[in-house]
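Listed below are the residues making up each chain.
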Amino acid sequence: MTADLRSCLEFMSVKEIVDENFQDYKKASMFICAKSCDFKCLTELNKNINICQNMRVSKLPTFDIKISDIFDRYVSNIITRAVIIGGLEPMLQFHEVYSLIYYFRKNNCPDDFVIYTGYYYHEIEQYIKKLQDLDNIIIKYGRYIPDSNPRFDNTLGIILSSDNQYSERIC
Ligand code: SF4
């Protein structure tokens, strides 16, 4: 995985933006659904990808939205205090994710970003280090494993579906 970060992007491709989400982080959040996933959680286990929890959103049409429009939408909502990027696999569009967070920081918004990834730290270490240039970011790591036990995650303040999954504040 590579991303040329010498310049920030103006647009992000997404499946869905939910202005107010209350179930994936302890703070009311805008939820941005990434545009794609390689469905590694299921293919690595030789399971049908249709049991992915995110199959519904994966079938939605993808659309491009200006990062400045996402920002304007977020700051005009007095309820939300964080932004979550998840749904599918945000790290497959890392340059867009970085550009989005960079835009928020450049415009004096220090609010929490939460990134839900199916990867583990060792698979995306170079991206995590790059994100540490920015502030207030929490990463939820790990594959979804069907029939695994759920576990409560203290950092997120919610129950994750597989007990191999965890989150940490990286900056
Ligand atoms: S990373 Fe998320 S969307 Fe992709 S296969 Fe795993 S659970 Fe499904």
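Here we summarise the structure given alongside this text. (Residues numbered from 1 in each chain as written. Predicted model: local features only at pLDDT ≥ 70, side-chain atom pairs only at ≥ 80, totals over all residues.)

Turning to the environment of I101, a few remarks are in order. Its location among the elements puts I101 in helix α4 (residues 94–106). A C-alpha to C-alpha distance of 9.8 Å links I101 and D111, two positions 10 residues apart in sequence. Apart from residues no more than four positions distant in its own chain, I101 is found in contact with F113, L134 and I137. (Helix = DSSP H or I, 4+ residues; strand = E, 2+ residues; numbered from the N terminus. Contact = placed C-beta atoms within 7 Å.)

Looking at the ligand, the residues that line it are C37, F39, K40, C41, L42, C52, Q53, N54, L88, E89, G118 and Y144. Here the shell around the ligand is composed, by residue class, of seven nonpolar, three polar and two charged. (Near = placed C-beta within 6 Å. Nonpolar A, V, L, I, M, F, W, Y, C, P; charged D, E, K, R; others polar.)

Moving on, we come to unusual backbone geometry. With a phi angle near 60°, F39 is a residue other than glycine that sits in the positive phi range. In this structure F39 comes out as buried when scored by C-beta crowding, with 21 C-beta atoms within 10 Å. (Buried ≥ 20, exposed ≤ 12 C-beta atoms within 10 Å, placed from the backbone.)

This part covers α4. Under the 1.5 Å per step criterion, the end-to-end length of α4 is 18 Å for 13 residues, consistent within 8% with the ideal 18 Å. Turning to α4, its buried residues are F94, E96, V97, L100, I101 and F104. Taken from the residues just after α4, N108 is the one with a positive phi, measuring 60°. (Expected span 1.5 Å × (residues − 1).)

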